[in-house]
Amino acid sequence: MLQVGIVGLPNVGKSTLFTALTKKQVDCANFPFCTIEPNVGVVEVPDERLDKLVEISESKKRVPTAIEFVDIAGLVAGAHRGEGLGNKFLANIRETDMILHVVRAFSDPNVVHVDGSIDAQRDVEIIETELMMADLSTVEKRLDGIERKAEATKDKLLTQQVSGLKKFRDALGAGKLAMTVSLNDDEAEALKDMDLLTTKKILYVVNVDEEAAKDSNWQSPLGEGRLAVPISVKIEQEIAALPREEASEFLRDLGLEESGLDKVIRKCYELLDLVTFFTSGEQESRAWTVENGSKAPQAAGKIHTDFERGFIRAETISYDDFVALNGWSGARDAGKLRVEGKEYVVEDGDVMLFRFNV
């Protein structure tokens, strides 16, 4: 399951956002291998297509795909040296797939900013600096451990590691995120286990006032190069407490097409370049997530490893055809059911039935 770490300075709305998200938590019985802790919430990925599949197939069960959000321990300047809960913060964030960085842009005299004033750009740079310093320490430690051995032995793998590590060291030392570094193929392969914090994708959630949340022409205060989404965490907290129909009406009254939380979840998928395919039948309709570019056997493996190992073919219908022709039989009669082999690249919205033999 995709895991997203929520980070931010104190009093930016990080934990309030997490609380609003967990009110959308899915039934964890559908995800038996997921250990739920107090700071972890498994949240449904909004997708109206799944509801339509349930209706058409008259499915007894609806199973969405989900994201696991982790409320990471608070961060203060000096975290890379262990200040505050810095060590715990860095350990927890290292385990996540991407980072959701909450930045404060709202004004409220009753909520004191840790640095005394509202400055989203400064706040972002504080956390990014802590992450870069932690990465620099990791890189230098590994470099110190292998550089002399690489020179002495001329070992190809070690030589490529040293070359790549020096690129990381130079970039991080210059105040640049590790994701800006371009490694050649050999260096990338040699350092594939290098799990640096600043190579992770980052989505910036700018916690704004209510009026800014409704502004279709909102301009990010974070400059170019940072993907930012404006949401009012205060509004999201109110929406999360409402029944579904009332929440929809509340959004319409505010002039919003969807909640900020739904937008955040969608953006996480876009940033990680993920697509959704479906399985649908009488027993259940279910959404599944794979990386964009995945082939049919890999998709089958998401359901069960035996499906990938013994993959024969994938009977596939596009979502639009499935809906227009009212399900499997209608699509089959209209010649819209395709039989795809091992090289088929799964497309977003595919409805699939896998044939396999083990």
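All values reported here derive from a predicted model rather than from experimental measurement.

Chemist: I keep staring at the sheet that holds strand S7 (residues 228–231) and nothing clicks. Help me out?
Modeler: Strand pairing in a sheet relies on backbone hydrogen bonds, with the paired strands running either antiparallel or parallel. Taken together, the 6 strands give an open sheet; going across it, the order is S2-S4-S1-S5-S6-S7, and neighbouring strands pair in mixed fashion. Looking at which strands have only one partner, the edges of the open sheet turn out to be strand S2 (40–44) and S7. Neighbouring strand axes in the sheet, compared pairwise and without regard to direction, differ in orientation by 25° on average. Two strands pair when backbone bridges link them, and strand S1 (residues 2–7) and strand S4 (residues 66–71) are joined in this way by 5 bridges, in the parallel orientation. The residue of S4 that forms the bridge with Ile6 is Asp71. In the packing of helix H1 (residues 14–22) onto the sheet, contacts are made with S1, S2, S4, strand S5 (98–104), strand S6 (201–207) and S7, and the angle to S4 comes to roughly 150°. This element, helix H10 (residues 260–271), spans S1, S2, S4, S5, S6 and S7 of the sheet and lies at about 160° to S6.

Chemist: Explanation requested: the pairing of S5 in the structure shown.
Modeler: A regular strand carries its side chains on alternate faces of the sheet. Burial within S5 is extensive, with 7 of its 7 residues counted as buried. Alternating residues of S5 divide into Met98, Leu100, Val102 and Arg104 and Ile99, His101 and Val103, and every residue in both groups is buried. Both S1 and S5 contribute to a ladder of 4 bridges, which runs parallel. Along S5, the bridge assignment pairs Gly5 with Ile99.

Chemist: I keep staring at the pattern of salt bridges and nothing clicks. Help me out?
Modeler: Close approach of charged atoms allows side chains with opposite charge to pair. Here the structure, examined in full by the defined rule, presents 26 salt bridges. Linking Asp51 and Arg244 is a salt bridge whose minimum nitrogen-to-oxygen distance equals 3.7 Å. Here Asp51, found in helix H2 (residues 48–57), pairs with Arg244, found in helix H9 (residues 244–254); they are 193 residues apart in sequence, far enough to count as distant. Judged by its relative accessible area of 28%, Asp51 is partly exposed.

Chemist: When you look at a negative patch on the surface in this model, what are you seeing that I'm missing?
Modeler: Together, Glu245, Glu246, Glu249 and Asp253 make up a region of like negative charge exposed at the surface. Following the sequence through the fold, Glu249 ends up in helix H9. For Glu249, a relative accessible area of 44% gives the class partly exposed.

Chemist: Hey, could you run me through the packing of helix H8 (residues 233–240) against H9 in this one?
Modeler: Packed helices, taken two at a time, are described by their axes: the angle between them and the distance between them. Axis separation between H8 and H9 bottoms out at 9 Å; the angle between their running directions is 145°. Residue-level contacts link Ile235, Glu238 and Ile239 of H8 to Ala247, Phe250, Leu251 and Leu254 of H9.

Chemist: I tried to follow the nonpolar core on my own but got confused; where do I start?
Modeler: One broad rule of soluble globular proteins: the nonpolar side chains tend to lie buried together. Ranked by internal contacts, the top residues of the largest apolar core, which has 58 residues, are Leu17, Ile67, Phe69 and Leu100. Sequence-distant contacts of Phe69, that is, excluding residues within four places in its chain, are made with Val4, Ile6, Phe18, Leu21, Asn39, Val40, Gly41, Val43, Leu100 and Ile265.

Chemist: Could you clarify how one ought to interpret H10 in this entry?
Modeler: What sets the pattern is the α-helix's 3.6 residues per turn: residues three or four places apart point alike. In this model H10 runs 16 Å from its N-terminal to its C-terminal C-alpha over 12 residues, within 8% of the 16 Å that 1.5 Å per residue would give. The set of residues buried in H10 consists of Gly260, Leu261, Asp262, Val264, Ile265, Cys268, Tyr269 and Leu271. In the stretch just after H10, Asp273 is the one whose phi turns positive, near 55°.

Chemist: Is there a simple way to explain the pairing of S4 in this structure?
Modeler: Counting buried positions over the 6 residues of S4 gives 6, a clear majority of the element. Here S4 shows two buried faces, one formed by Ala66, Glu68 and Val70 and the other by Ile67, Phe69 and Asp71. Bridge count between S2 and S4: 5 bridges; the pairing is antiparallel. Looking at the pairing, Val40 lines up with Val70 of S4.

Chemist: What is the right way to read the environment of Gly260 from this model?
Modeler: Tracing the backbone through its elements, the reader meets Gly260 in helix H10. Residue classification places Gly260 among the buried residues on the basis of a relative accessible area of 7%. Gly260 sits 25 residues away from Ile235 along the chain, and the two C-alpha atoms are 8.7 Å apart. With sequence-adjacent residues up to four places away left out, Gly260 is seen in contact with Ile231 and Glu236.

How each quantity is defined
Residues numbered from 1 in each chain as written. Predicted model: local features only at pLDDT ≥ 70, side-chain atom pairs only at ≥ 80, totals over all residues. Heavy atoms only, no water. Pairing = 2+ DSSP bridges. Helix = DSSP H or I, 4+ residues; strand = E, 2+ residues; numbered from the N terminus. Axes fitted to C-alpha atoms, helices over the stretch in contact; angles between N-to-C directions. Contact = heavy atoms within 4.5 Å. Buried < 20%, exposed > 50% of the residue type's maximum accessible area, 1.4 Å probe, protein only. Salt bridge = Lys/Arg side-chain N within 4 Å of Asp/Glu carboxyl O. Patch = residues over 30% accessible without salt bridge, like charges linked within 9 Å, V, L, I, M, F, W, Y side chains within 5 Å. Areas by Shrake-Rupley, 256 points an atom, 1.4 Å probe, with all protein chains shown as cover. Lys, Arg positive; Asp, Glu negative; His and termini not counted. Charge placed at Lys NZ, Arg CZ, Asp CG, Glu CD. Core = buried A, V, L, I, M, F, W, Y, C linked by side-chain atoms within 4.5 Å. Expected span 1.5 Å × (residues − 1).

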